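Read off the chains here:
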Amino acid sequence: MRRCIGPFIFALALIFLSACGGQSARNSENAGISGELIIFHAGSLSVPFQQIADTFSKLHPGLKIYREAAGSVSCARKITELNKACDIMASADYDIINKLLIPEQADWNIKFASNEMVIAYDDNSRYQKQINPQNWFDILLKEDVSFGRSDPNSDPCGYRSVLVSKLASVFYKQPVLYQKILAKDQEYIRPKETELLALLQTGSIDYMFIYRSVAEQHKLKYVRLPDSINLKNPKLAAFYEKVEVKINGDEPGEYITQRGEPMVYGLSICKNAPNRAAAIEFVQFLLSADKGMKIMEKNGQPSVVPSYTNTYTKLPDELKVFAKNK
């Protein structure tokens, strides 16, 4: 009986070592994707990013993801002015990253999704049975109608609402139309576009300028605007450039000029990202056609991956497959 003990103990040792080796391999696979991951993102990305983060977390249960949604300009200023820790910044306008984060806070920028501007409403909105793509501005300008938009200095949806109004003046050949639109209902301007949803749901406003994706995600009715106005069509880039809006810069008295252009979202990983390895892993998941971008498209935000970027040479090697070199 004693003669069997030695081989038996040896076999147990082999099993133990094998188990440890397997665990070690699994730990190696998940190295760098534990701890915390901090993401600042546009309010219009709240729904898809929640779904993407939930899916990603199931693959990496040791990782805790913190998301902060705000207007994209506000997100950038949390990094540049408040020095808040951030791993990933995802903006509703890729150019915000170029102008506010590169080169001090970030090295590169990847375009990943598109959208379009619409006028959203619900069943209680005044004249909701009459409004259409031809008369939307006449409805908004009625005295008994109120509408909301977000703050141009905080949120790309805000300055895009201004650009849409200015493009409407050009497209409909009504030079003062945009002034009438922008002068009305200023008490219903909010820091980010998603804050307007509560105003619409409570009946405080009848309509709002919003992204099509947000309208669809929240089951709202909406008026689709002509392509010459909605900032959707890349073929109309030259027409969109006819208008511009100035927003506050980093310093008092400084301004940034935002010209009309097709709507494209962008993202980057901050230079001082606390969890760079997890950030790269998350971005890879997000930008993969059968993973994150599949979720984005289901939420009304079509993929533009891969797109050209003039920061291609500064991209991490793992992410170059998701972009094109200019």
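The shown structure was predicted, so the numbers you read here are calculated from the model rather than taken from an experiment. Sequence order as written defines the numbering, with residues in each chain counted from 1. Only residues with pLDDT of 70 or above have their local features reported here, since the model is predicted, and side-chain atom pairs are shown and tallied only from 80 upward, although totals for entire chains, interfaces and linings are computed over all residues. Side-chain numbers here rest on the full set of heavy atoms in the structure, without hydrogens or water.

Chemist: Help me get a handle on the overall build of the protein chain, residues and values and all.
Modeler: Helix and strand content of the protein chain: 13 helices and 14 strands. Across its three principal axes, the protein chain shows a C-alpha extent of roughly 100 × 40 × 35 Å. Each residue gets one of three labels from its accessible area relative to the maximum for its type: buried under 20%, exposed over 50%, partly exposed in between, using a 1.4 Å probe on protein chains only. For the protein chain, the residues scored as buried account for 50% of the 326 residues in total. Residues are treated as being in contact if the distance between any of their heavy atoms lies within 4.5 Å. Residue pairs at least 24 apart in sequence account for 72% of intrachain contacts in the protein chain once pairs closer than 6 positions are excluded. Per-residue and other accessible areas follow the Shrake-Rupley method at a 1.4 Å probe size, with only the shown protein chains counted as cover for residues. As presented, the protein chain carries roughly 15600 Å² of accessible surface, and 52% of it is formed by carbon and sulfur atoms. For the charge count, each Lys or Arg is scored as positive and each Asp or Glu as negative, with His and the chain ends excluded. In this description, the location of a charge corresponds to atom NZ of lysine, CZ of arginine, CG of aspartate or CD of glutamate. Taking the average location of the 40 positive side-chain charges in the protein chain and that of its 36 negative ones, the two points are 5 Å from each other. Put simply, DSSP marks the helices as runs of H or I at least four residues long and the strands as runs of E at least two long, and each gets a number from the N terminus on.

Chemist: I'd like a rundown of the sheet that holds strand 8 (residues 207-211), residues and numbers included.
Modeler: Two strands form a pair only when DSSP identifies at least two bridges running between them. If you walk across this open sheet you meet the five strands as 7-6-8-5-9, and the pairing is mixed. Each edge of the sheet is formed by a strand with only one pairing partner; in this case those strands are strand 7 (189-190) and strand 9 (221-224). As paired strands, strand 6 (residues 147-150) and strand 7 are joined by two bridges and run parallel to one another. Considered in strand 7, the bridge of S150 is made with R190. Where helix 6 (residues 156-171) meets the sheet, its contacts fall on strand 5 (117-121), strand 6 and strand 8, and the angle it forms with strand 8 comes to roughly 110 degrees. In this description, a line fitted to the C-alpha atoms serves as the axis of each element, helices being fitted only across the stretch in contact, and the angle between N-to-C directions of two axes falls anywhere from 0 to 180 degrees.

Chemist: How would you sum up the pattern of salt bridges? Please name residues and give values.
Modeler: Within this document, salt bridges are pairs made up of a side-chain nitrogen of Lys or Arg and a carboxyl oxygen of Asp or Glu, the two lying within 4 Å of each other. Tallying each qualifying case throughout the model produces 15 salt bridges. Linking R212 and E116 is a salt bridge whose minimum nitrogen-to-oxygen distance equals 3.1 Å. With a gap of 96 residues between them, R212 in helix 9 (residues 212-217) and E116 in the loop between strand 4 (110-114) and strand 5 connect regions that are remote in the sequence. The partner of K232 in a salt bridge is E116, and the shortest N-O contact between them spans 3.9 Å. Here K232, found in the loop between helix 10 (227-230) and helix 11 (237-240), pairs with E116, found in the loop between strand 4 and strand 5; they are 116 residues apart in sequence, far enough to count as distant. Take E116: its relative accessible area is 3%, and that puts it in the buried class. Each member of the salt-bridge network shares a partner with another, and the members are E116, R212, E216, R224 and K232.

Chemist: An account of a negative patch on the surface is needed here, citing residue identities and associated values.
Modeler: Think of a patch as exposed residues, more than 30% relative accessible area, with no salt bridge, where like charges cluster within 9 Å and nonpolar side chains (Val, Leu, Ile, Met, Phe, Trp, Tyr) cluster within 5 Å. A cluster of acidic side chains, namely E104, D250, E251 and E254, defines a negative patch on the protein surface. Residue placement: E251 occurs in the loop between strand 10 (244-248) and strand 11 (255-259).

Function-wise, these values are silent; they only describe arrangement.
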